[in-house]
Amino acid sequence: MAPRVRWLVAALLLAAVTACDAARHHPEHFGSGTSAAAGIGRSSHFPARAPPIEIAPKDGDVDGVVIFVHGLGGSPEKYTWLANDPNVWYARPGIKWIFPWSPELDVTVTKQREPAWYDMNDFNIGSLEDDRPHILAAARYIESIIDAQVNELGIDPRRVVVGGFSQGGAVALTASLRYPKRLGGILALSTYMPLRGEYPEEMNPHQRWTPLFQAHGKDDPVLPMEYYFATRAKLSKLGFKNRWDYLYPGLGHDKCREETLDMYAFLDDVFGDKYDDLDEGNWVGGPVDLGLVETKRETTKEEETTKEETTKARGKEGAPPVVQRGGAWNDPKQQVQRRLRNMMFRANALLGREQEALEAAERPRPSF
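Residues numbered from 1 in each chain as written. Predicted model: local features only at pLDDT ≥ 70, side-chain atom pairs only at ≥ 80, totals over all residues. Heavy atoms only, no water.

**What about the overall build of the chain?**
Moving on, step 1. Tallying secondary structure elements over the chain gives 9 helices and 9 strands in all.
Moving on, step 2. The buried share of the chain, reckoned over its 368 residues, is 47%.
Moving on, step 3. Across the chain, contacts joining residues at least 24 apart in sequence account for 73% of those joining residues at least 6 apart. (Helix = DSSP H or I, 4+ residues; strand = E, 2+ residues; numbered from the N terminus. Buried < 20%, exposed > 50% of the residue type's maximum accessible area, 1.4 Å probe, protein only. Contact = heavy atoms within 4.5 Å.)

Dropping the structure here:
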């Protein structure tokens, strides 16, 4: 082989290796194309582990689509029961469910390679750094799935609901906010909004009319309540009009039957009779329990009698017995500090004061 030919072959091999390395380290190139008639997720460059799982309606006619994105370390197989479990099956005719697969990535916070849409360096809201390239690549992949339903099946984008759990919810929010056409609904379960500083500039302004279902467990140890309220504050600031907000006492970083039924009720409204009212901004969703006010109820005569007997048993002053406190958690000063911190955070979030809410959330917590 002539020296020039050898040099040419070596140069081509070096260029190929460099291109592969660039694609691996610059995931913003993934998913730049949209799925064509060949099928969802097959013509895209996004490195999903497999094509999405699709569950078509039993009657065969597709009138609406729900795209549900799994979370960190998960798989779509864990969520297909939302569509086909006979005990909780969402039985509205004409609804197709799509469950995409994520790639596998090295995740900093868990120190392992696992199914993930993007990397996370920390679960603390004050320390978390957004993995922008992977987040945007995943969002574009979800957008390509939406495009496939719109272009191939002729589905109105306002009959497409995009949602997810945890990291999947973050990807769903990102894709929904940036999608160029107004969608039918957004499901944000136990999640948060990444890349908050890029909105409203990168947001489709028409998306503020899109119905939004935001739900979170009050006892979530992975993505604590700060994530819920920071996201709620930003969404309020962005002008979202049609909202369902739910908090579930005792629920950790998981799902529960009450949340599932509330989500089904939301989908009934999105795909049902209230569909025509959404553009008018007069569609009101469910209530949110902010925990700011304790509900008072009337005491019964039996309860009053018991209270009086207890007071007499304690003595004339009615003083409660002395309880030995132990640990920082039971320290009265720190209890007051925690209550004030939580009240400030929630009040700012409720008023849509995003920066103030985040500052309150990022204040150092008392050590326990």
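From this point, things continue past the structure.
**Concerning the sheet that holds strand 1 (residues 53-55)**
Backbone-to-backbone hydrogen bonds pair the strands of a sheet. The strands run either parallel or antiparallel.
Moving on, step 1. With mixed pairing, 7 strands are arranged side by side in an open sheet as 1-3-2-6-7-8-9. Of all strands in the sheet, those with a lone pairing partner are strand 1 and strand 9 (243-248), marking the two edges. Between one strand and the next, the sheet's axes are offset by a mean angle of 15°, whatever the strand orientation.
Moving on, step 2. Contacting strand 2 (64-69), strand 6 (160-165), strand 7 (185-189) and strand 8 (212-217), helix 4 (residues 167-178) runs over the sheet at an angle of about 145° to strand 6. (Pairing = 2+ DSSP bridges. Axes fitted to C-alpha atoms, helices over the stretch in contact; angles between N-to-C directions.)

**Examining the pattern of salt bridges**
Moving on, step 1. According to the stated counting rule, one finds 9 salt bridges in the structure shown.
Moving on, step 2. Linking glutamate 198 and arginine 178 is a salt bridge whose minimum nitrogen-to-oxygen distance equals 2.5 Å. Taken together, the residues glutamate 198 in the loop between strand 7 and strand 8 and arginine 178 in helix 4 connect sequence positions 20 residues apart.
Moving on, step 3. You can call arginine 178 buried: its relative accessible area is 17%. (Salt bridge = Lys/Arg side-chain N within 4 Å of Asp/Glu carboxyl O.)

**Quick word on the confidence of the model for the chain**
Moving on, step 1. Of the residues in the chain, 60% reach a pLDDT of 70 or more, and the chain-wide mean stands at 75.
Moving on, step 2. Confidence drops under pLDDT 50 across residues 313-329; counting only partners more than four residues distant or on other chains, this segment forms 14 contacts. (pLDDT = per-residue confidence, 0-100.)

**Overview of the pairing of strand 6**
Moving on, step 1. Burial runs high along strand 6: 6 of the 6 residues are buried.
Moving on, step 2. The two faces of strand 6 match: Val160, Val162 and Gly164 on one face and Val161, Gly163 and Phe165 on the other face are all buried.
Moving on, step 3. Bridge count for strand 2 against strand 6 is 5 bridges, and the pairing is parallel. When the bridges of strand 6 are listed, valine 66 appears paired with valine 161.
Moving on, step 4. For strand 6 and strand 7, the ladder comprises 5 bridges, and the chain directions are parallel.

**Digging into the nonpolar core**
Moving on, step 1. The biggest cluster of nonpolar side chains holds 34 residues, and the ones touching the most others in it are Ile67, Trp117, Tyr118, Ile142, Ile146, Val162 and Tyr192.
Moving on, step 2. Listed by contribution, the elements that provide at least two residues to this core are strand 2, helix 3 (132-153), strand 6, helix 4 and helix 5 (225-237). (Core = buried A, V, L, I, M, F, W, Y, C linked by side-chain atoms within 4.5 Å.)

**What to know about the packing of aromatic side chains**
Moving on, step 1. One pass over the structure, following the stated rule, counts 13 aromatic pairs.
Moving on, step 2. When the centroid spacing of 6.4 Å and the interplanar angle of 40° are considered together, the rings of tyrosine 79 and phenylalanine 165 count as tilted. With a gap of 86 residues between them, tyrosine 79 in the loop between strand 2 and helix 2 (81-84) and phenylalanine 165 in strand 6 connect regions that are remote in the sequence.
Moving on, step 3. Residue phenylalanine 165 is classed as buried on the basis of its relative accessible area of 6%.
Moving on, step 4. The interplanar angle of 50° and the centroid separation of 5.6 Å between the aromatic rings of phenylalanine 213 and phenylalanine 266 together place this pair among those described as tilted. Taken together, the residues phenylalanine 213 in strand 8 and phenylalanine 266 in helix 6 (residues 257-271) connect sequence positions 53 residues apart. The pair phenylalanine 213 / phenylalanine 266 is uniform in exposure class, with both members buried. (Phe/Tyr/Trp six-rings, centres within 6.5 Å; stacked < 30°, edge-to-face > 60°.)

**Some points on unusual backbone geometry**
Glycine aside, residues mostly have negative phi, and peptide bonds are mostly found in the trans state.
Moving on, step 1. The omega torsion of the bond from tyrosine 199 to proline 200 falls at 15°, within 30 degrees of zero and hence cis.
Moving on, step 2. Inspection of the secondary structure assignment puts proline 200 in the loop between strand 7 and strand 8.
Moving on, step 3. One non-glycine residue with positive phi stands out, namely serine 190, at about 50°.
Moving on, step 4. The topology assignment puts serine 190 in the loop between strand 7 and strand 8.
Moving on, step 5. Residue serine 190 is classed as buried on the basis of its relative accessible area, which comes to 0%.
Moving on, step 6. Phi at leucine 195 takes a positive value of approximately 55°, unusual for a residue other than glycine.
Moving on, step 7. Residue class for leucine 195 comes out buried when judged on its relative accessible area of 6%.

**Some words on the environment of methionine 120**
Moving on, step 1. Tracing the backbone through its elements, the reader meets methionine 120 in the loop between strand 5 (112-115) and helix 3.
Moving on, step 2. Between the alpha carbons of methionine 120 and aspartate 131 there is a distance of 6.9 Å; along the sequence they are 11 residues apart.
Moving on, step 3. Here methionine 120 is in contact with Val107, Thr108, Val109, Leu128, Gln167 and Tyr192, once residues within four sequence places are set aside.

**Some words on helix 3**
Moving on, step 1. Taking 1.5 Å of rise per residue, the 22 residues of helix 3 would be expected to cover 32 Å, and the 31 Å separating its terminal C-alpha atoms lies within 8% of that figure.
Moving on, step 2. By the criterion of burial, helix 3 is predominantly enclosed, with 16 of the 22 residues buried. (Expected span 1.5 Å × (residues − 1).)

**Digging into the pairing of strand 7**
Moving on, step 1. The element strand 7 is extensively covered by neighbouring structure, given that 5 of its 5 residues are classed as buried.
Moving on, step 2. Across the two faces of strand 7 the burial is the same, with Gly185, Leu187 and Leu189 and Ile186 and Ala188 all buried.
Moving on, step 3. Of the pairings in the sheet, the one linking strand 7 to strand 8 comprises 4 bridges and is parallel in character. Residue pairing across strands places leucine 187 opposite phenylalanine 213, the latter belonging to strand 8.

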